[in-house]
Amino acid sequence: MSTLEERFFALYKPEAGRLYRTAWAILGNEADAGDALQDATIRAYRAFEQLKGGAAAFPAWMRRILVNSCTQILRKRMRVIPVERPEDLSEEKATPEADMPLGSEVWEAVKELDERYRAVVVLRFLNDMQLEDIATALDIPLGTVKSRLHTALKLLRNRLREGDGERRGAV
Amino acid sequence: MQCEQVQLELQAYLDGRLPPAERAAIENHLAQCHTCAEEASAMRDLGRIISGGLNDWVNQGVCPPDVIARIEESLRPARRRQAWWQTWPAMAGATAAAVFLLVLSASLDLPHGAASLPFVGGLAAQFFSGGPDEDPEWEPVNQATATTERDGIRLTVDQVSMGREALGVRFTVQGEPLDAAADMKRVSVGLGLMTANLRELTYVPGPNGQVQFTAFFTRVPAGESVQMTVRNLPMRSGPDAPGPWLVSFIP
């Protein structure tokens with residue numbers, strides 16, 4: 001008969017890679033990702049016996065706990081963000097239809113964003129959080145979430161277009 | 001509505017999160033404004049690209065082994081076990097008898113060498129696998145020291161180990177008034193409220209007038225603070241010092 005620990009890790013280990021990169025995406029660096037993952041795993045382990053729905057429910061449940069751990073860290077970090085300054089958005093050039101960028105290319109572009117933009121992009125598009133929930137999680141006004149997302153998407157569009165241009169040029 | 005204002009609301013609009021009045025206003029604007037309509041379409045495509053790309057990247061993720069190892073290590077103290085008498089109900093009765101004998105032997109002045117109380121040692125070996133040599137799950141869980149001092153004698157816990165069924169505590173007693181060469185047969189060691197949870201007590205006199213004890217107790221839940229009580233340390237001049245020496249730690 002398996003122990004609590006064995007049962008937990010049987011469900012946890014297949015998710016560990018995804019969880020690690022999710023934390024990395026939200027927090028922007030691997031060291032923080034490891035810390036957040038450790039914190040979240042301990043919390044999940046302690047609450048494991050209360051989880052209903054068994055193995056099928058585990059991944060989403062675990063991910064929710066992880067996102068909470070991450071946003072807790074972000075709330076502390078982002079508290080001293082100064083006044084929002086408009087980013088310098090270089091003029092967008094019209095380009096023909098792009099090839100679908102690779103996952104790694106998208107991550108490279110997202111990774112380059114300033115933390116306040118990266119956080120809202122990741123929470124919205126990786127974690128499918130609604131804007132109001134992002135506002136609550138980060139303890140910032142909804143309007144700020146909207147404007148940061150708007151700016152972030154403009155920056156990403158430029159960045160992904162550049163990348164596409166480079167790829168085509170290299171051929 | 002101004003285009004700038006509309007564009008700020010586009011994501012919320014695309015997500016279906018706007019209240020009816022605002023949604024209608026946006027739709028109205030998009031019907032008339034080509035630029036913003038294009039922008040809405042582009043945002044929807046971009047959202048899919050970002051979502052797909054990030055999910056792909058996450059799905060390829062591997063957690064570094066050292067992070068996994070660190071996490072497993074940090075979970076160990078939270079491991080929960082049944083109390084030994086629940087796992088081995090048949091032994092509970094027998095061990096209760098052993099406990100009775102232990103209490104009895106402790107109060108009788110049994111002669112023995114500078115080693116464990118032989119009764120308990122033999123019984124203990126039968127009823128639990130205590131000690132690093134027999135229990136493969138034996139491991140030190142706490143290297144932090146806990147220390148207390150009274151009557152000129154200092155007691156220092158320097159290692160706590162946990163096995164499947166037992167908790168081991170290694171501690172040193174030292175001080176000028178202490179009779180380190182004396183027989184320790186009257187020393188009483190207990191954990192928490194029960195002094196009868198001691199399974200085995202061994203001791204070794206060391207240099208510098210100290211004595212190192214190793215006490216094995218019935219295993220307790222990990223992660224919760226426990227208090228160890230030591231009484232009746234032999235003194236060089238006069239009767240035993242009753243103490244008690246109290247020290248707390250978290251196994």
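Residues numbered from 1 in each chain as written. Chains lettered and ligands numbered in written order. Predicted model: local features only at pLDDT ≥ 70, side-chain atom pairs only at ≥ 80, totals over all residues. Heavy atoms only, no water.

Draft legend 1. Fine view of the overall build of chain A. The number of helices and strands found in chain A is seven helices and zero strands. Mapped from its N terminus to its C terminus, chain A presents α and β elements in the order α-α-α-α-α-α-α. Here chain A, with 171 residues, has 47% of them falling under the buried criterion. Contacts in chain A between residues far apart in sequence, at least 24 positions, make up 74% of those at least 6 positions apart. In the structure as shown, chain A presents an accessible area of about 8,900 Å², 51% of it carried by carbon and sulfur atoms. (Helix = DSSP H or I, 4+ residues; strand = E, 2+ residues; numbered from the N terminus. Buried < 20%, exposed > 50% of the residue type's maximum accessible area, 1.4 Å probe, protein only. Contact = heavy atoms within 4.5 Å. Areas by Shrake-Rupley, 256 points an atom, 1.4 Å probe, with all protein chains shown as cover.)

Draft legend 2. View of helix α1 (residues 4-27) of chain A. Residue and element names in this part refer to chain A. Between the first and last C-alpha of α1 there are merely 30 Å, a value that for 24 residues lags more than 12% behind the 34 Å anticipated at 1.5 Å per step. A bend of about 50° at Ala16 is the largest found in α1. By the criterion of burial, α1 is predominantly enclosed, with 17 of the 24 residues buried. Following α1 by one or two positions, Gly28 has its phi on the positive side, about 90°. (Expected span 1.5 Å × (residues − 1). Bend = angle between axes of the 7 residues up to and from the residue.)

Draft legend 3. Local environment of the confidence of the model for chain B. Residue and element names in this part refer to chain B. The pLDDT averaged across chain B works out to 77; a share of 71% of its residues lies at or above 70. Within the model, pLDDT remains below 50 along residues 78-89, and this stretch shows 24 contacts once partners closer than five positions in the same chain are excluded. For residues 105-137, every residue scores under 50 in pLDDT, and the model assigns this stretch 53 contacts once sequence neighbours within four places are set aside. This complex was scored by the predictor with a pTM of 0.56 and an ipTM of 0.87. (pLDDT = per-residue confidence, 0-100.)

Draft legend 4. Geometry of the pairing of strand β2 (residues 146-150) of chain B. Residue and element names in this part refer to chain B. As defined by bridge partners, β2 adjoins strand β3 (residues 153-162) across five bridges and the pair is classed as antiparallel. By the bridge assignment for β3, Arg150 is matched with Ile153. Linking β2 to β3, which pair antiparallel, is a turn of two residues; within it Asp151 sits at a positive phi near 50°. (Pairing = 2+ DSSP bridges.)

Draft legend 5. Quick peek at the environment of Ala44(A). Residue and element names in this part refer to chain A. With respect to the element layout, Ala44 can be found in helix α2 (residues 30-47). Residue class for Ala44 comes out buried when judged on its relative accessible area of 0%. When the C-alpha atoms of Ala44 and Leu66 are compared, they prove to be 8.8 Å apart, with 22 residues separating the residues in sequence.

Draft legend 6. Region of interest: the packing of aromatic side chains. Residues and elements named next belong to chain A. This model, assessed by the stated rule, comprises 14 aromatic pairs over all chains. A centroid spacing of 5.2 Å and a plane angle of 85° characterise the contact between Phe8 and Tyr45, whose relative ring orientation is edge-to-face. Separated by 37 residues along the polypeptide, Phe8 in helix α1 and Tyr45 in helix α2 bring together distant segments of the chain. On the basis of relative accessible area, Phe8 is assigned to the buried category, the value being 0%. Taken together, a centroid distance of 5.7 Å and an interplanar angle of 85° make the contact between Phe8 and Phe58 edge-to-face. One end of the pair, Phe8, is in helix α1; the other, Phe58, is in helix α3 (residues 54-77), with 50 residues separating them in the sequence. (Phe/Tyr/Trp six-rings, centres within 6.5 Å; stacked < 30°, edge-to-face > 60°.)

Draft legend 7. Region of interest: the pattern of salt bridges. Across all of its chains, the model carries 20 salt bridges over all chains by this definition. Between Glu72(B) and Lys13(A) there is a salt bridge, with its nearest N and O atoms 2.8 Å apart. Here Glu72(B) is found in helix α4 (residues 65-75), whereas its partner Lys13(A) is found in helix α1 on a different chain. Look at Glu72(B) and you get partly exposed, because its relative accessible area is 22%. The partly exposed category is assigned to Lys13(A), whose relative accessible area is 43%. Put simply, Arg170(B) and Asp158(B) hold a salt bridge, and the shortest N to O gap is 2.8 Å. Highlighted residues: Arg170(B) in strand β4 (residues 166-175) and Asp158(B) in strand β3, separated in sequence by twelve residues. Classification of Asp158(B) as buried rests on a relative accessible area of 18%. (Salt bridge = Lys/Arg side-chain N within 4 Å of Asp/Glu carboxyl O.)

Draft legend 8. Local environment of the packing of helix α1 (residues 3-14) of chain B against helix α3 (residues 34-59) of chain B. All names here are of chain B. The contact between α1 and α3 brings their axes to 10 Å, and the two run at 35°. Considering the relative orientation of α1 and α3, their crossing is right-handed. Together, Cys3, Val6, Gln7, Leu10, Gln11 and Leu14 of α1 and Cys36, Glu39, Ala40, Met43 and Arg44 of α3 make up the contact between the two elements. Per-class residue counts for the contact of α1 with α3 are seven nonpolar, two polar and two charged. (Axes fitted to C-alpha atoms, helices over the stretch in contact; angles between N-to-C directions. Left-handed = near helix turned anticlockwise from the far one by under 90°. Nonpolar A, V, L, I, M, F, W, Y, C, P; charged D, E, K, R; others polar.)

Draft legend 9. Seen up close, the interface of chain B and chain A. Each side of the interface is counted separately: chain B has 39 residues, and chain A has 48 residues. For the pairing of chain B and chain A, the buried interface totals around 4,000 Å² over both sides, and the portion due to carbon and sulfur atoms is 65%. Applying the counting criterion to the chain B and chain A interface returns seven salt bridges. Of the charged contacts, one joins Arg70(B) and Asp35(A) as a salt bridge, the two residues approaching to 3.2 Å between their closest N and O atoms. Seen at the junction of chain B and chain A, the total is nine residue pairs in polar contact (both at pLDDT 80 or more). For the side of chain B that touches chain A, the secondary-structure elements that each account for two or more residues are α1, α3 and α4 of chain B. Among the elements that line the side of chain B that touches chain A, the one with the most residues is α3(B), at 15 residues. Residues belonging to the side of chain B that touches chain A are distributed by class as follows: 19 nonpolar, ten polar and ten charged. (Buried area = accessible area lost by both parts, 1.4 Å probe. Polar contact = N/O pair within 3.5 Å; in protein donor to acceptor, adjacent residues only side chain to side chain.)

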